[in-house]
Amino acid sequence: MLNYSVNENLILLEERRGEEDYEFLISTVDEKAHNTLMELRSFFEGDDVFSDVLFYSLKNKKIQVIVRRDLYVSFILGLFKWKLLKRVNWSL
């Protein structure tokens, strides 16, 4: 199982697991954090598969992200790479 710790100085994150995908609701704390999340969005929107990670802008700088099951680890590592997470580790 993949575990992570959110950088709460930048984002608040809720994760819901569905049968075929994962849903994340992400609230950014400030404009800089929002711009960082938009960089991650651009990264995933720039790949060849448009339906792997879907971003939807909601009110109050909240973003809904739908992630296919097979890209869950890539998305979590993307959050970590963009420093929106503090820590990522595997538990056995």
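This one's a predicted model, so the numbers in the text were calculated from it and none came from an experiment.

Chemist: Describe the packing of helix 1 (residues 31-45) against helix 2 (residues 72-81), naming the residues involved and giving the relevant values.
Modeler: Geometry of a packed helix pair, given as the angle between the helix axes and the separation of the axes. Axis separation between helix 1 and helix 2 bottoms out at 10 Å; the angle between their running directions is 140°. As helix 1 runs across helix 2, the sense of the crossing is right-handed. Two secondary-structure elements touch here, helix 1 through L37, L40 and F44 and helix 2 through S74, F75, G78 and L79. Taken together, the residues of the contact of helix 1 with helix 2 sort by class into 5 nonpolar, 2 polar and no charged.

Chemist: Outline the nonpolar core, listing residues and values.
Modeler: Judged by nonpolar contacts, the single largest core of 24 residues is most densely connected at F24, I26, L37, V65, F75 and L79. Dropping the residues within four chain positions of it, L37 is found in contact with I26, T28, F55, I63, L79 and L84.

Chemist: Which residues make up the pattern of salt bridges, and what values go with them?
Modeler: Counted by the stated rule, this structure contains 5 salt bridges. Connected through salt bridges with shared partners, the residues E14, R16 and E23 form a single ionic network.

Chemist: Break down the pairing of strand 5 (residues 62-68) for me, citing the residues and quoting the values.
Modeler: Along a regular strand, successive side chains alternate from one face of the sheet to the other. For strand 3 (residues 21-28) and strand 5, the ladder comprises 7 bridges, and the chain directions are antiparallel. Note on strand 5: the bridge partner recorded for F24 is V65. In terms of strand pairing, strand 4 (residues 53-57) meets strand 5 through 5 bridges, oriented antiparallel. Across the sheet, the residue bridging to S57 is I63, located in strand 5.

Chemist: So, the environment of L12: which residues are in play, and what are the values?
Modeler: Mapped onto the elements, L12 comes out in strand 2 (residues 11-17). Separated by 58 residues in the primary sequence, L12 and D70 place their C-alpha atoms 23 Å from one another. Leaving out residues up to four positions away in the same chain, L12 has contacts with L25, I26 and S27.

Thresholds, definitions, all that
Residues numbered from 1 in each chain as written. Predicted model: local features only at pLDDT ≥ 70, side-chain atom pairs only at ≥ 80, totals over all residues. Heavy atoms only, no water. Axes fitted to C-alpha atoms, helices over the stretch in contact; angles between N-to-C directions. Helix = DSSP H or I, 4+ residues; strand = E, 2+ residues; numbered from the N terminus. Left-handed = near helix turned anticlockwise from the far one by under 90°. Contact = heavy atoms within 4.5 Å. Nonpolar A, V, L, I, M, F, W, Y, C, P; charged D, E, K, R; others polar. Core = buried A, V, L, I, M, F, W, Y, C linked by side-chain atoms within 4.5 Å. Buried < 20%, exposed > 50% of the residue type's maximum accessible area, 1.4 Å probe, protein only. Salt bridge = Lys/Arg side-chain N within 4 Å of Asp/Glu carboxyl O. Pairing = 2+ DSSP bridges.

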